[in-house]
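Fold and geometry: a report
Listed here are the chains, written in short residue letters.
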Amino acid sequence: MVQASVHADIVAAAIAEFGDTFAKPGEGIIALSGIAFGASCAHDGDPFTGTVSIAYEPAEVICGLGGFARAVATLTSIPQLQEQLGQDLVVAINGALGAKGVLVQIDAHHECLSSRVASAKDSRLRTVTFSGSLADDSARLSAMLLLAGGA
Ligand SMILES: [Zn+2]
C-alpha cells in the first residue's frame, strides 16, 4: 500500500500548513473561492489547471485564510487525480479544524483530455466533495450558491 502512505504523508503535511486557529466568533458558513492551482495528472502525467473553492462550517475554531492556499499547494506538489485532491482537502481541513462540515469544489482543465479529443478542447471537470453537515442536501446547495456568488 505505497500509494496510501504517500497520501497519508501529503495530507499530514497539508494539515501542518494551517497553523494557528482562533475561536469562532459565531455560527455560519465560511466560503473561499478561486484558489488557483496547477498539478500533474496521476494517470498520465499531463498537466491540469484550475481553481479550488472551499466552504466550511466551523465547529469550535476558524483559521487564517492562507492555510487553505498553502494546503492546496502542498496537495498539488505530488501527481494527483482531481477527485482525490478534493477528498484529500476535505480530510486535511477536517484534520486541521475539526469542522462540522466541509465542501470542496474544483474546476479544472485537463490537458490529457483537451489535447487528445478535439471536441473536448475547452472542457472543464467540476468535482464537489463534502463531509459532515455540508453533506446534507439543502446545506450543500447553500454552500454551493455561496461559492457561485464569489470570484
Ligand atoms: Zn489525465
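Here's a quick rundown of the structure.

So, how was this worked out
Residues numbered from 1 in each chain as written. Predicted model: local features only at pLDDT ≥ 70, side-chain atom pairs only at ≥ 80, totals over all residues. Helix = DSSP H or I, 4+ residues; strand = E, 2+ residues; numbered from the N terminus. Rg over C-alpha atoms; globule rule 2.2 N^0.38 Å. Buried ≥ 20, exposed ≤ 12 C-beta atoms within 10 Å, placed from the backbone. Contact = placed C-beta atoms within 7 Å. Expected span 1.5 Å × (residues − 1).

Regarding its fold elements, the protein presents five helices and six strands. Walking the protein from its N terminus toward its C terminus, one meets helices and strands in the order α-β-β-β-β-α-α-β-α-β-α. Relative to its length of 151 residues, the protein is compact, with a C-alpha radius of gyration of 15 Å against a globular reference of 15 Å. The principal-axis extent of the C-alpha atoms belonging to the protein is close to 50 × 35 × 25 Å. Burial analysis of the protein (151 residues in total) assigns 31% to the buried set. Restricting to contacts in the protein with at least 6 residues of sequence separation, those with at least 24 account for 75%.

Taking 1.5 Å as the rise per residue, helix α3 (residues 82–97) with 16 residues should run 22 Å; its terminal C-alpha atoms sit 22 Å apart, in good agreement. Those residues of α3 that sit buried are Gln82, Leu85, Gly86, Asp88, Leu89, Val90, Val91, Ala92, Ile93, Ala96 and Leu97. Residue Gly98 follows α3 closely and has a positive phi angle near 55°.

Let us look at the environment of Leu75. Along the polypeptide, Leu75 turns up in helix α2 (residues 66–75). Counting along the chain gives 31 residues from Leu75 to Asp44, while the straight-line C-alpha distance between them is 18 Å. Excluding anything up to four places from it in sequence, Leu75 contacts Ile10, Ala14, Gln80, Leu85, Asp88, Leu89 and Ala92.

This paragraph deals with the environment of Val128. With respect to the helices, strands and loops of the structure, Val128 is situated in strand β6 (residues 125–132). Looking at Val128, the number of C-beta atoms within 10 Å reads 16, which means it is partly exposed. Separated by 26 residues in sequence, Val128 and Val102 place their C-alpha atoms 10 Å apart. Each residue touching Val128, except ones within four places of it in the same chain, is listed here: Leu103 and Gln105.

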